[in-house]
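One letter stands for each residue in the lines below.
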Amino acid sequence: MQVLETIGAFRAARAELTGSLGFVPTMGYLHEGHLELVRRARAECDHVAVSIFVNPTQFGPNEDLARYPRDLPRDLDLLRAEGVELVFVPGPPEMYPPDHSTFVVVERATAPLEGARRPGHFQGVATIVCKLFNIVAAQRAYFGQKDAQQTVVIRQMTRDLNMPVEIVIVPTVREPDGLAKSSRNVYLDPAQRAAAPVLYRGLQQAATLYQQGERDAGMLRAAVLRTLEQEPLVALDYVSVAEPSTLTETEGPIRQGALVSLAARIGATRLIDNILLEPDGRA
Ligand code: AMP
């Protein structure tokens, strides 16, 4: 496994590879969710590249950039064990030299949900993913359903800008109690950790109602709300039932499936989660 810190070194190592390359962009502090993306890439591509970069431009001024968890030696051990060939670990000046002045703006899909609560977040995400795609030159790139709006934004960007890369979305990996795996789960104290599975329980309530035939978006939102209200440590930020490809909020009946997504604060930690309701009535 080669660990490359500069764009030049990465490109030189990448040029030595023949066959297809699968790429997994991450911010590190890896867990089973990230490793699932790596395994999928490993299964579908001849070679796998992973990037580890805590991207400053996707964090707001009052967010957790400075305290975002990091453990590069451990991350590299995990990636070595998965048979990854290339790991790109640039420092911030390598990706954003002082005169950096170009950003990628995806409209529409970035307006609601996370985009509305985290101004500039998706501009940061789209910009770094575009830069990484240009550096890594992979045939396929792997993203987690955990960050549902991000998958919509990245798909839109690659389509609109004709990027020659196939986007693959991997289902959310969860803890045994249903909590979606996240690097940010380490922020939770034991009481908060015990409360956190209520997020997924709320989503499951909506899924159960949907499977029983409920199609009214308002009823499904209310079911999630009721569940989360039972947990005093959890402060709901939003719950949304939206059209999965545009993220337009659904009012009234769901016709073509839906994305049920939420964000909540547990103490100072902000967590997101979602489930997809399929057009055929499955969830
Ligand atoms: P991050 O390091 O949080 O930027 O995540 C890197 C990639 O891993 C993104 O595509 C995430 O959606 C994905 N990811 C994070 N957590 C999970 C999870 N629990 N299950 C599946 N994918 C995940």
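Residues numbered from 1 in each chain as written. Predicted model: local features only at pLDDT ≥ 70, side-chain atom pairs only at ≥ 80, totals over all residues. Heavy atoms only, no water.

**Q** Please give an account of the domain arrangement of the protein chain that cites residues and values.
**A** In terms of domain boundaries, the protein chain breaks down into domain 1 (2–170) and domain 2 (183–277). Using only C-alpha atoms to locate each centre, domain 1 and domain 2 end up separated by 26 Å. At the junction of the two partners, domain 1 supplies 21 residues and domain 2 supplies 20 residues. Buried area between domain 1 and domain 2, both sides added, is near 1700 Å², and the carbon and sulfur share of it is 52%. Our enumeration of links across domain 1 and domain 2 arrives at three salt bridges. (Domains from an automatic or database assignment. Contact = heavy atoms within 4.5 Å. Buried area = accessible area lost by both parts, 1.4 Å probe. Salt bridge = Lys/Arg side-chain N within 4 Å of Asp/Glu carboxyl O.)

**Q** Outline the site of the ligand, listing residues and values.
**A** The environment of the ligand is made up of 17 residues, and the closest members are M27, H34, D147, V173 and K181. Expressed as a share of its isolated accessible area of 480 Å², the protein-covered part of the ligand is 93%. Mapped by element, the contributors of at least two residues to the shell around the ligand are β2 (21–26), α2 (32–44) and β5 (140–144). It is α2 that contributes the most residues to the shell around the ligand, three residues altogether. Of the residues contributing to the shell around the ligand, the split by class is seven nonpolar, seven polar and three charged. (Near = heavy atom within 4 Å. Areas by Shrake-Rupley, 256 points an atom, 1.4 Å probe, with all protein chains shown as cover. Helix = DSSP H or I, 4+ residues; strand = E, 2+ residues; numbered from the N terminus. Nonpolar A, V, L, I, M, F, W, Y, C, P; charged D, E, K, R; others polar.)

**Q** Quick one: what's the story with the nonpolar core, residue by residue and with numbers?
**A** Counting 43 residues, the largest nonpolar core has F10, M95, V129, F133, I154 and M157 as its most contacted members. Secondary structure elements with two or more residues in this core: α1 (7–15), β2, β4 (86–88), α6 (121–136), β5, α7 (148–160) and β8 (258–266). Ranked by residue count, the leading element in this core is α6, at 10 residues. Structurally, this core is a two-domain feature, drawing no fewer than three residues from each of domain 1 (2–170) and domain 2 (183–277). If you look at the next biggest cluster of nonpolar residues, it comprises 27 residues, including A195, L199, L220 and L271. (Core = buried A, V, L, I, M, F, W, Y, C linked by side-chain atoms within 4.5 Å. Buried < 20%, exposed > 50% of the residue type's maximum accessible area, 1.4 Å probe, protein only.)

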